[in-house]
Amino acid sequence: MFEKGLIKKEETMFQEEKRKTNYGAICLVCFFCFFFAFQFMKLVTTQPSTTTSTISVIDSPISSHKLSDRRELWRVSPPSTYCLKIESFRKFATSPNAEKYESRPFQSGGYNWTLIVYPKGNVKEGAPGDWVSMYVQIDNSTLLNSPKEVYAEVKFFIYNRKEDKYFTYQETDAKRFFLFKPYWGYGNVRSYGDVANPDAGWLFDGDNVLFGVDVFVTEVFNKWEVFSFTKSLHNRLYKWTLTNFSLLEKEYYVSDKFVIGGRSWALKVYPSGDGEGQGNSLSLYVVAVDIKPYDKIYLKAKLRIINQRDSKHVEKKVESWSDQANSWGFQKFVPFADLKDTSKGLLVNDTLKIEIEFEDFSNTKYFPS
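- If you look the chain up in an unreviewed UniProt entry, it shows as MATH domain-containing protein from Arabidopsis lyrata subsp. lyrata.

Below is the structure:
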């Protein structure tokens, strides 16, 4: 009995403690904690990370005197063109007359280049003081021997031991190097105070800093094409006469090649018909001659069979882009019945007269041809 009473007493105390506990308040607190945690995580994930790719627009008076689209990102792989390790970096930066360090020449794209690092800024050309400046310069003698412009995609690097990655600076466009400006770079790569701070990670093995550069020379195009429509046609007509028409036995006949608007053309006739016109109609086409297999030509013209008795010619218009045969025309241009009808005036003295009038067409010029 004593044990039963003790158990009952404990159950009563448990129920009283349960009633004292405000579980609704606990649930409400948990809800708000979860809500604020979710909003915080959402805010964090929408902010640009300092350890992933970022794009920033920086006014760089050294590079181009205008706003430049500079991209800054972390990269695991090292530079592929050239590296420069400066030991005792802070000592070098604070030593007398330590304006810059210029590397030995290295090759890329068939040209000689040098990497130039200013530990405390290229202040002579307007770079901010106490900022590391980095430039790459092409060998002037290369440009003197063969005067021209060289375009190159350039990336600058600084190694960070804490991240064990290379912080990379680059722009979206290739840069132009020429005789009067053989160098390009950034005056404001990173503040000297940040680089010289041991806790920032740019220094390793005591006082070493590793710089790098990638230079990829891009070839300027030397092959191109120009597409245009005809602007003026001084000669629009071409006439072709077929004699002894009834004696023509070949499948088709082609006129002499003729030139209109800088293009070569020919007329092609099937006396017994072609395709759907075979056996019932004369077929007539105009063909573009001596063209490239990849050419695609637009043509607007009028094909005619001349009425030799009056002006009631048989005329049909073509206006389209070329097919694979680079020809335009009609399988059923004129029925045989009309040809044989002497009142139509199309076939007189067994002679057929064909004419084409050009109105417009396209032309493509290739360089080199």
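Moving on from the coordinates now.
## A look at the overall build of the chain
Consideration 1: Regarding its fold elements, the chain presents six helices and 23 strands.
Consideration 2: In the chain, which comprises 369 residues, the share counted as buried stands at 40%.
Consideration 3: Excluding contacts between residues fewer than 6 apart, the proportion of contacts in the chain whose partners are at least 24 apart in sequence is 65%.
Consideration 4: Surface summary for the chain: the accessible area is close to 22400 Å², and the carbon and sulfur share equals 53%.

## A closer look at the layout of surface pockets
Consideration 1: The space that makes up the second largest pocket amounts to roughly 200 Å³.
Consideration 2: Taken together, 13 residues form the lining of the second largest pocket, with Arg263, Asp290, Asp295, Asn363 and Thr364 sitting closest to its centre.
Consideration 3: When contributions to the lining of the second largest pocket are tallied by element, the ones reaching two or more residues are strand E17 (263-270) and strand E23 (351-367).
Consideration 4: Here the lining of the second largest pocket takes four residues from E23, the largest share from any one element.
Consideration 5: Looking at side-chain class alone, the lining of the second largest pocket contains three nonpolar, five polar and five charged residues.

## A few points about unusual backbone geometry
Consideration 1: A cis geometry characterises the amide bond from phenylalanine 367 onward to proline 368, with omega recorded as -10 degrees.
Consideration 2: Inspection of the secondary structure puts proline 368 in the segment after E23.
Consideration 3: Unusually for a residue other than glycine, serine 88 sits at a positive phi of about 55 degrees.
Consideration 4: Assignment of secondary structure puts serine 88 in the loop between strand E3 (82-86) and helix H3 (89-94).
Consideration 5: By relative accessible area, which is 36% here, serine 88 ends up partly exposed.
Consideration 6: Residue asparagine 326 is not a glycine yet carries a positive backbone phi of 55 degrees.
Consideration 7: Mapped onto the secondary structure, asparagine 326 falls in the loop between strand E20 (314-321) and strand E21 (327-335).

Conventions adopted
Residues numbered from 1 in each chain as written. Predicted model: local features only at pLDDT ≥ 70, side-chain atom pairs only at ≥ 80, totals over all residues. Heavy atoms only, no water. Helix = DSSP H or I, 4+ residues; strand = E, 2+ residues; numbered from the N terminus. Buried < 20%, exposed > 50% of the residue type's maximum accessible area, 1.4 Å probe, protein only. Contact = heavy atoms within 4.5 Å. Areas by Shrake-Rupley, 256 points an atom, 1.4 Å probe, with all protein chains shown as cover. 1 Å grid on protein atoms, 1.4 Å probe; cavity = no way out; pocket = protein on both sides within 12 Å on 5 of 7 lines; lining within 4 Å. Points joined across faces, edges and corners; volume = space filled by probe spheres on them. Nonpolar A, V, L, I, M, F, W, Y, C, P; charged D, E, K, R; others polar.

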